[in-house]
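What follows is the residue order along each chain.
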Amino acid sequence: MNPDAHTLWRAPRWALAVLLACLGMIGPFSIDTYLPAFTGIAQSIGATPAQMQQTLSAYLLGFAVMNLFHGALSDSLGRRPVVLWGVAVFTLASVGCALSQNIAALVFFRALQGLAAGAGIVVSRAVVRDMFPPADAQRVMSQITIYFGVAPAIAPIIGGLLFVYADWHAIFWFLAAVGAALWVANYKLLPETLHAAERQPFNVRNLMRGYLQMGSSPRFLMLVLASGVPFNGMFLYVLSAPVFLGEHLKLGPTEFFWFFALTVGGIMAGAWVSGRMAGKVKDKHQIRRGFVIMIGVSLLNVALNLLLAPHAWWAIPLLAVYAFGWAMMVPVVTLMVLDLVPERRGMASSFQACIGSAANALVAGAIAPLVMHSTVALAVTSLLMMSVGAVAWLWVKPRLA
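Read on for a plain summary of the structure. Given the structure is predicted, the values throughout are model-derived calculations rather than measurements. (Residues numbered from 1 in each chain as written. Predicted model: local features only at pLDDT ≥ 70, side-chain atom pairs only at ≥ 80, totals over all residues. Heavy atoms only, no water.)

**Looking at the nonpolar core**
Logical step 1: Judged by nonpolar contacts, the single largest core of 121 residues is most densely connected at Tyr34, Leu35, Ile41, Phe172, Leu245, Phe291 and Trp393.
Logical step 2: Per-element tally for this core: the top contributor is helix α15 (residues 312–340), with 17 residues.
Logical step 3: Setting aside anything within four residues of it in sequence, one finds Phe172 in contact with Tyr34, Ile41, Ser94, Cys97, Ala98, Leu106, Arg110 and Gln113. (Core = buried A, V, L, I, M, F, W, Y, C linked by side-chain atoms within 4.5 Å. Buried < 20%, exposed > 50% of the residue type's maximum accessible area, 1.4 Å probe, protein only. Helix = DSSP H or I, 4+ residues; strand = E, 2+ residues; numbered from the N terminus. Contact = heavy atoms within 4.5 Å.)

**What to know about helix α4 (residues 49–77)**
Logical step 1: Counted at 1.5 Å a residue, the expected span for α4 with its 29 residues is 42 Å, and the 41 Å between its end C-alpha atoms agrees.
Logical step 2: Helix geometry: α4 is bent most strongly at Met66, by close to 40 degrees.
Logical step 3: Phi turns positive one or two residues past the end of α4, at Gly78, with a value near 110 degrees. (Expected span 1.5 Å × (residues − 1). Bend = angle between axes of the 7 residues up to and from the residue.)

**Concerning the packing of helix α13 (residues 256–277) against α15**
Logical step 1: One can describe the packing of α13 onto α15 by two numbers: an axis separation of 7 Å at closest approach and a directional angle of 30 degrees. Relative to α15, α13 is oriented so that their crossing is right-handed. Residue-level inspection shows Trp258, Phe259, Leu262, Thr263, Gly266, Ile267, Ala269, Gly270, Ala271, Val273, Ser274 and Met277 of α13 in contact with α15, the latter providing Ile316, Leu319, Ala320, Ala323, Phe324, Ala327, Met328, Pro331 and Val332. (Axes fitted to C-alpha atoms, helices over the stretch in contact; angles between N-to-C directions. Left-handed = near helix turned anticlockwise from the far one by under 90°.)

**Notes on the packing of aromatic side chains**
Each aromatic ring pair is summarised here by two numbers: the centre-to-centre distance and the angle between the ring planes.
Logical step 1: Overall, the coordinates contain 13 aromatic pairs when judged by the stated rule.
Logical step 2: On the numbers, 5.2 Å between centres and 45 degrees between planes, the contact of Tyr211 with Phe351 is tilted. With Tyr211 in helix α10 (residues 204–215) and Phe351 in helix α16 (residues 345–371), this pair connects stretches of sequence that are 140 residues apart.
Logical step 3: When its relative accessible area of 12% is taken as the criterion, Phe351 is described as buried.
Logical step 4: Ring geometry for Phe231 and Phe235: centres 5.2 Å apart, planes at 25 degrees, overall stacked. In this pair, Phe231 and Phe235 both sit in helix α11 (residues 218–239), four residues apart, roughly one turn of the helix.
Logical step 5: Its relative accessible area of 6% is what places Phe235 among the buried residues.
Logical step 6: Cluster of aromatic residues (ring-pair linked, three or more members): Tyr34, Phe38, Trp168 and Phe172.
Logical step 7: Seen from the ring of Tyr187, Arg80 lies directly overhead, with NZ or CZ sitting 5.3 Å from the centre. (Phe/Tyr/Trp six-rings, centres within 6.5 Å; stacked < 30°, edge-to-face > 60°. Lys NZ or Arg CZ within 6 Å of the ring centre and 35° of its normal.)

**Re unusual backbone geometry**
Logical step 1: Its identity is not glycine, yet Lys250 carries a phi of approximately 60 degrees, on the positive side.
Logical step 2: Assignment of secondary structure puts Lys250 in the loop between α12 (241–248) and α13.
Logical step 3: Overall, Lys250 belongs to the exposed group, its relative accessible area being 66%.

**Remarks on the side chain of Ser57**
Logical step 1: Mapped onto the secondary structure, Ser57 falls in helix α4.
Logical step 2: Under the relative-accessibility criterion, Ser57 is labelled buried at 9%.
Logical step 3: What Ser57 contacts, discounting residues up to four positions off in sequence, is Ala361, Ala364 and Gly365.

**Observations regarding the environment of Met336**
Logical step 1: Here Met336 is to be found in helix α15.
Logical step 2: Here the alpha-carbon distance between Met336 and Asp283, two residues 53 residues apart in the chain, equals 9.3 Å.
Logical step 3: Among residues more than four places away in sequence, those in contact with Met336 are Leu223, Asp283, Ile287, Trp393 and Leu400.

**Looking at helix α9 (residues 168–189)**
Logical step 1: Taking 1.5 Å per residue, 22 residues should reach 32 Å; α9 reaches 32 Å between its end C-alpha atoms and fits that length.
Logical step 2: Of the residues flanking the start of α9, the one acting as N-cap is Asp167, its side-chain oxygen 3.1 Å from the backbone nitrogen of His169. (Polar contact = N/O pair within 3.5 Å; in protein donor to acceptor, adjacent residues only side chain to side chain.)

**Overview of the pattern of salt bridges**
Logical step 1: Applying the stated criterion across every chain yields a total of two salt bridges.
Logical step 2: Between Asp75 and Arg79 there is a salt bridge, with the nearest N and O atoms lying 2.8 Å from each other.
Logical step 3: With a relative accessible area of 2%, Asp75 lands in the buried category.
Logical step 4: Two residues, Arg79 and Asp130, come together in a salt bridge whose shortest N-O distance is 2.7 Å. Placement of the pair is Arg79 in helix α5 (residues 79–99) and Asp130 in helix α6 (residues 103–131), with a sequence separation of 51 residues.
Logical step 5: Asp130 gets classed as buried once you look at its relative accessible area, which sits at 4%.
Logical step 6: In this structure, a network of salt bridges that share partners links the residues Asp75, Arg79 and Asp130. (Salt bridge = Lys/Arg side-chain N within 4 Å of Asp/Glu carboxyl O.)

Scope: geometric values only; no functional claims are made or implied.
In structure tokens form, the structure reads like this:
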């Protein structure tokens, strides 16, 4: 923690949480805003569904690769410059997407968006631990998750309206405007939270050595899997939204809102509960409760999909409850990951985000296209992903101090 933290931010704690959450919103806005226009974009530029799916996987792969460097750069150069450069490149990439006339250009600029978008998410986590001791950090992380949850709820509404009343290019012009506004806000408000004495020299060889040490730590890897892979049990449905919502549940582009609103409501409620538990309920007990909820919902989801025809009235609320369980436990696990490497929290945040994003890219590019056309396959795959996280937590739990 920065010893001068109390002088760096004099506004209320929730205001910093809002600023950091807005940085994290770049990711879901980049995905959820254009999902309602998926089919329309494909028709406009003559792309196949498989090619359109690559606009998702290219973004996520770029996000994963550059995440290896965002945190380490912020450990060396400071948090503020990395955020400002990342948001600036994201804004320019969004303009490139808006001007794209073919699938190749769109995939390229989506990958560039992904390379830049991770800066906000990765660095914001490190800022939290720069500024707050553990219990307060959990409360702030929970607040960030609550505010962050607004983005996936409103992004598909905005995307659907822009697509219906303007065209798909307007979606990416909107993202460019969001990026520009965030750059100005962070330029004016975000302090440099990394203490000068804690800066680390940037050296690619040392960086790779550090990642090798983290990658060879079973505790680190299991904690990352416990927090990241269960998210894909929910994210699988987000990636499959054009088919899951449009074909299986028979919802129109402007009705995608219900899926995102209820799911995000679950995330916000779970994060709020997590914040209320901070300092009152043991971390391990809080994580256990989150996994119990996800396990129960996942099993029920599989059973209902085997027994009933898919329908929005039961399919969407189940995913919202799953999201509640995930959000209840993920702030705690995320802080555990960062505190395993207290001297290089930026690097730890980078590696955590990289592994999670690589898993997201795999789900987007390979797994979702294979299972999205069957609701039973979606439910079983979601259960398997959650199970990976549960097994990882059961393994690492007795090995933590």
